[in-house]
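Chain and residue survey
What follows is the residue order along each chain.
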Amino acid sequence: MSRTSTALSPDHSSLFQFLPIGAYRSSAAGDMVSANPALVRMNGYEDEATMLAEVNRRQSDWYVLPGQRSHFHRLLARDGFVRGLVSEVVRPVDGVRRWVSENAHSVCDAAGRLMYYEGTVEDITAQVEAQDALARSEQQLRLLTAQIPGMVFVVHVTPDGQRSYRFVSPGVRDIYGFGPEDLMRDPMLMARYRHPEDSDLLHHNMGNIFSGDTNIQDEYRVVLPGGRIKWLMRRSTMVCEDESGQVRVGLLLDITDRKQAEIALRESEAVWKLALDSAGDGVWDWNLSTNVEYVSPRFKAMYGFAADEELDWSRELDARTHPDDLSKRLADRAAHFDGRERVYRNERRIRCRDGNWKWVLSRGMVISRDDGGRPVRMVGTHTDISQLKAAEAHQRELESLLRESQKMEAIGTLAGGVAHDFNNLLAVILGNLELAREDVGPEHVAQESLEEIHRAALRARELVQQILAFSRRQPQELQRQLLRPLVEQSLRLLRSLLPAGVRVNTLLSARELPVLADATQIQQVLMNLCANAWQSMDQQPGEITVEIGETEVDATQALQLDHIAPGSYACLSVADNGTGMDEDTRRRIFEPFFTTKGPGSGTGLGLSVVHGIVKAHCGAIRVLSAQGKGSRFDIYLPLASETGAAEPPRQEKPAAPAEGSGQGRHIVYVDDYEAMVFLVSRLLGKHGFRVSTFVSGGDALAWWRGTQEPVDLWVTDQNMPDLSGVELARSVRTLRPQQRVAIVSGHVNEQLLQEADAAGVEAVLGKQDNMDALADAVHRLLARSPG
C-alpha cells in the first residue's frame, strides 16, 4: 500500500517558512503536521513542535462564536476550500482574543482521494478594532453635524477612485433632496447629478488626492430633477491612509446664490466682468492716482455705514482690519501690484461700525497701468464669508472631537478596568478586616484603629462605585427617585475633585422631593454645573452653594421658563461667587462649542449637555449672573406624582448568618483572585461550611472529573482567564446534570443572565457589599428547593 506524503517540497518549504502570515498543513485525519513561524508566533508558542503537540493534543475549538468551527468544516466539505472567513478567536496559550481571516483548501491526488489540507491564517485585529472605533464615533458625529450648514461627510476613497461613505449629515437633503441613507447605499448617487461640463474638473481633482495633495477644494454644478442647476463648493481633507485608500472628512456647501451673483456681474460691462471674477456683496472701484475710491451702497451696508456716507475707504478699512491680518493683506496687494499674482485675493477680519468682526473675502484686479507699469485703477468686490468660516471652524472642531472621543474611550475603558480591580482589593480588605476584628475581640485596643481602617475602606469603595456609575454609557432611564440622595452622592464625589480653596455650602430641603429622573444624568448635571462654577473663579478661593427645595411655578413663570407646564417642581440650584457673565455671554452659554476659556481649556459642551439633559427631563433652567457678582443656575424638575414609576424598595441589611449554621454542607468556591479565595474559605468555614477552593476553572473541573464526592453548591466567579463562570457551570453540569451552581459577577446584565440560564445556573449573584452578605446568599440558595 502506498503512503501519501504531506511533506513540503524544498521550494514550497522556503516559501512556507517566510510567509508573513500564518500557514499550516493538516493531514486528511485533521491533525496539524506543519505550521510556519508566523502561525507559531500568532498562537503564542515558542516553536513549531510545541504548538503541533499542544494543538493536536487539545483538539480544542479556538473560535469565540459557537458553531464557527462547524461552519468552517461545512464550507471546506462543500466547496473544497474556504476563503476569507473572518472570526474572533481565543489563543489557547494565554486566552488573548484576536480577529483572524482564514483561507483553506483540500489537496487530492489524481484519483480524487484527499491527501491533506493547506491553509493560511492572517491576524486582522487592528483592522477590526479600527472599524469598531469608527462605528462608535458615528453617533457623536451625527449629533454634532446636524447643526452645521451644508453636508458634512466621511468617505473612504480607494486608489482607483471608488467611494464608500462612512457618514453623511442630514444637510445632504437640503442640497440634493435625498437622504443620508440613500447616498451611503449608493455612493455614486451624487455623481449622476454632476453637470456634464464639470465632470473633467472633478475627475482631475479626485486624481490629485493620491498625488500628495491631502486637501482639496473645488466648485462645480449639479443638475437636479426638473432641470434646476445648483452650484456647490466642496472642501475635504485626508485624516488617514493605508493600502486600501484614504479616509477623508469634508464639507459640501450650496453656493448657488453667490455663483448667480457672479454670473450676473460678469454679464455686465467689461470693467465689472473683470472685477466680479467671484461674487460678493460689495463692489469697489479704486483710482490709485487720485486715491478716490467708489464703493457700492451694499459695500457700505456690510460694515454698518449709511449709503450717503463718504470716507477714505482704503484707509478706513485698513484701520478696521484685524492687526493679525493686516500684514497679509498688504503683502497680497503688493504681490498683485508687482505682477506676481494675476488676481488680488485676500481673506481678513474687519471690524464693523457696531464693533462686531466679519470675515471678508476681498478679490480684485488692476485694469489700468501707466507707461511705467504702475497700477492706476483697480476694481473688485468684498464678500462676507463669516458663515463659511464658521462652518470651517465647526469642521475643525469636529475633527478634534473625533480624535478626542477615541482617546476618551480608551481612558474610560482603562479607568473601568482599574476601578473593577480596585473593588476586588477593597472586598478583600473589608472581609479580612471583619475577620480581624472578630479575632482580636471587642475590647482589644486595636479596635479603634480597625474601625478607622473600616471607615476609610468604605469611603474608597463608595468612590469607586460612583466612578463606575459615571463612566457607564447607557440609554436614559427615568425612574421615580428622591432628589436629595442623588445630590448628596454627587457632592461626596465632587469634594474630592475640587481644588483647594473652593468651599461647598449646602442648603438641602428635608422634604423627600421625588422626581422622575435618570440618576446618572442628574449627577452629571450637578457635576458639570459645579465644575463650571469653580472654573469661573480663575484659580482663586471661592464658594459654591448647592441648594434644593420645592417651588410652585404659575402660568406666568412657566412662560418665562421656556414654556414648561405650570405645577410643582423641585428646584436644584448651584451658585458661585466667581467672575460672573455679561449679558452677551449669558445668552450664548448653552450653545454647543461656545466657551470663554482659552484654547485647550474646554470644549464648550458642558453647559450644552446640561441643557439637553434638563430638557429631556421636561424641566427648565434659569440663569442669573452679572459681571463681578457670580452666577446662579436654577434647575427645575417636575415633582413625580404618586402614580409615577415605582421607587425601588429600600432593603434592610440582612442579619449576618450565625456561626456554624452551614451544618457541614460542602461548598466549592472558584475565583482566579487568590486573596478572595482565601477570604471566602475562612468566612464560609466560620459559618460551618466545608469549603473546597480553586483559583482556576480548569483545576476545579479536573478535580470534578476525578471525584465522586457530593457537593451541595458550586459558587464561581464569572470573569476568569481560563474558563468563564458560565463555561465552568456548563462543564460541571455536563458531568452531573443535577448539580447546583451559582455565579458571582460585578457586572450583571441581560446577556449574562440569559447565558447563565441556558447553562442551568441556579442564580447569578452581584458582588456582595461584605462577606457576611455572601454567606447569607449561600444560606438562602441552599434553603430553597433546587431549580
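Residues numbered from 1 in each chain as written. Predicted model: local features only at pLDDT ≥ 70, side-chain atom pairs only at ≥ 80, totals over all residues. Heavy atoms only, no water.

**Let's talk about the sheet that holds strand β19 (residues 542-553)**
Ordered by their spatial adjacency, five strands build an open sheet running β17-β19-β20-β22-β21, and the pairing between neighbours is mixed. Edge positions in the open sheet fall to β17 (502-508) and β21 (620-625), since each of these has one partner strand only. This sheet shows a mean twist of 20° between the axes of neighbouring strands, independent of strand direction. Here β21 pairs with strand β22 (residues 631-638) via six bridges, running antiparallel. (Pairing = 2+ DSSP bridges. Helix = DSSP H or I, 4+ residues; strand = E, 2+ residues; numbered from the N terminus. Axes fitted to C-alpha atoms, helices over the stretch in contact; angles between N-to-C directions.)

**Brief notes about the sheet that holds strand β5 (residues 114-123)**
If you trace the five strands from one edge of the open sheet to the other, you get β2-β1-β5-β4-β3, paired in antiparallel fashion. Since the sheet does not close on itself, it has two edges, and those belong to β2 (32-35) and β3 (81-90), each with one partner. Sheet twist, expressed as the average angle between the axes of neighbouring strands with direction ignored, equals 25°. Where strand β4 (residues 97-108) lies against β5, nine bridges are found, and the strand directions are antiparallel. Bridged to His105 within β5 is Glu118.

**Some remarks on the pattern of salt bridges**
One pass over the structure, following the stated rule, counts 50 salt bridges. The partner of Arg91 in a salt bridge is Asp94, with the nearest N and O atoms 2.4 Å apart. Looking at Arg91, the relative accessible area reads 18%, which means it is buried. On the basis of relative accessible area, Asp94 is assigned to the partly exposed category, the value being 38%. The closest approach of N and O atoms between Asp325 and Arg349, which form a salt bridge, is 2.9 Å. Of this pair, Asp325 sits in helix α13 (residues 323-337) while Arg349 sits in strand β13 (residues 344-351), and the two are 24 residues apart along the sequence. Judged by relative accessible area, Asp325 falls into the buried class, the value being 9%. (Salt bridge = Lys/Arg side-chain N within 4 Å of Asp/Glu carboxyl O. Buried < 20%, exposed > 50% of the residue type's maximum accessible area, 1.4 Å probe, protein only.)

**Focus on helix α21 (residues 674-686)**
Taking 1.5 Å per residue as the helical rise, α21 with its 13 residues ought to reach 18 Å, and the 18 Å between its terminal C-alpha atoms agrees with that figure. Inspection of α21 places Met676, Val677, Leu679, Val680, Leu683, Leu684 and Lys686 among the buried residues, and these make up the whole buried set. Following α21 by one or two positions, Gly688 has its phi on the positive side, about 90°. (Expected span 1.5 Å × (residues − 1).)

**Examining unusual backbone geometry**
The phi dihedral of Asn291 falls on the positive side, at around 60°, and the residue is not glycine. Mapping Asn291 onto the fold places it in the loop between β11 (282-287) and β12 (292-295). With phi around 50°, Leu513 is a residue other than glycine that occupies positive phi space. In this fold, Leu513 is placed in the loop between β17 and β18 (514-517).

**Comments concerning the packing of aromatic side chains**
Per the stated rule, a full pass over the model turns up 14 aromatic pairs. Plain terms: the ring middles of Tyr176 and Phe178 are 5.1 Å apart, the flat faces sit at 20° to each other, and that makes the pair stacked. Residue classification places Tyr176 among the buried residues on the basis of a relative accessible area of 6%. Classification of Phe178 by relative accessible area gives buried; the value is 9%. Plain terms: the ring middles of Trp286 and Phe337 are 6.4 Å apart, the flat faces sit at 45° to each other, and that makes the pair tilted. Residue Trp286 is found in strand β11, and its partner Phe337 is found in helix α13; the two are separated by 51 residues along the sequence. Taking relative accessible area as the criterion, Trp286 reaches 9% and is therefore assigned buried. Positioned over the ring face of Trp231 is Lys259, at 4.5 Å from the centre of the ring. (Phe/Tyr/Trp six-rings, centres within 6.5 Å; stacked < 30°, edge-to-face > 60°. Lys NZ or Arg CZ within 6 Å of the ring centre and 35° of its normal.)

**Points about the environment of Asp325**
Residues Asp325 and Arg349, spaced 24 residues apart in sequence, show a C-alpha to C-alpha distance of 6.9 Å. Among all residues touching Asp325, those that are not within four sequence positions of it are Arg348, Arg349 and Trp359. Within the structure, the side chain of Asp325 is placed 2.9 Å from the side chain of Arg349, a separation counted as a polar contact. (Contact = heavy atoms within 4.5 Å. Polar contact = N/O pair within 3.5 Å; in protein donor to acceptor, adjacent residues only side chain to side chain.)

**Quick word on the nonpolar core**
Counting residues in hydrophobic clusters, the biggest one holds 38 residues, and the most contacted among them are Leu483, Val487, Ile544 and Val546. Take this core: its biggest share by element is seven residues, from helix α17 (residues 519-535). Sequence-distant contacts of Val487, defined by excluding residues within four places in its chain, comprise Leu508, Leu526, Val546, Ile548 and Leu572. In terms of nonpolar packing, the next biggest core, distinct from the first, is built from 24 residues, Ala427, Ile667, Val778 and Leu782 among them. (Core = buried A, V, L, I, M, F, W, Y, C linked by side-chain atoms within 4.5 Å.)

**Some details on the environment of Ala29**
Within the fold, Ala29 resides in the loop between β1 (22-27) and β2. With a relative accessible area of 71%, Ala29 lands in the exposed category. Measuring from C-alpha to C-alpha, the distance between Ala29 and Tyr116 comes to 8.1 Å, with 87 residues separating the pair along the chain.

**Focus: the side chain of Arg163**
Following the sequence through the fold, Arg163 ends up in strand β7 (residues 163-168). Put simply, Arg163 is tucked away with no salt bridge, and the nearest opposite charge, on Asp218, sits 8.6 Å away. Once you skip the residues sitting within four places of it in the chain, Arg163 turns out to touch Val155, His156, Val157, Pro187, Met188, Arg194 and Met206. (Lys, Arg positive; Asp, Glu negative; His and termini not counted.)

**Quick look at the confidence of the model for the protein chain**
On average, residues of the protein chain carry a pLDDT of 83, and 85% of them reach 70 or more. This model gives residues 273-279 a pLDDT under 50, and the stretch forms 28 contacts once residues within four places in sequence are excluded. (pLDDT = per-residue confidence, 0-100.)

**Description of the side chain of Asp634**
Inspection of the secondary structure puts Asp634 in strand β22. For Asp634, the side chain forms a polar contact with the side chain of Ser573, separated by 2.6 Å. At a separation of 2.8 Å, a polar atom in the side chain of Asp634 contacts the side chain of Arg622. If we ignore the near neighbours within four places in the chain, the residues touching Asp634 are Cys571, Leu572, Ser573, Ala620, Ile621 and Arg622.

**Some thoughts on the packing of helix α22 (residues 697-705) against helix α23 (residues 725-735)**
At a minimum axis separation of 10 Å, α22 and α23 run at an interaxial angle of 5°. As summarised for this structure, α22 and α23 are arranged roughly parallel, according to the angle between their axes. Touching Gly697, Leu701, Trp704 and Arg705 of α22 are Leu728, Ser731, Val732 and Leu735, all from α23. Here the contact of α22 with α23 is built from residues that sort into five nonpolar, two polar and one charged. (Parallel < 35°, antiparallel > 145°, perpendicular 65-115°, else oblique. Nonpolar A, V, L, I, M, F, W, Y, C, P; charged D, E, K, R; others polar.)

**Remarks on a negative patch on the surface**
Together, Asp672, Asp699, Asp722, Glu727 and Glu755 make up a region of like negative charge exposed at the surface. Relative to the elements of secondary structure, Asp672 occurs in the loop between β23 (666-670) and α21. Judged by relative accessible area, which is 34%, Asp672 ranks as partly exposed. (Patch = residues over 30% accessible without salt bridge, like charges linked within 9 Å, V, L, I, M, F, W, Y side chains within 5 Å. Areas by Shrake-Rupley, 256 points an atom, 1.4 Å probe, with all protein chains shown as cover. Charge placed at Lys NZ, Arg CZ, Asp CG, Glu CD.)

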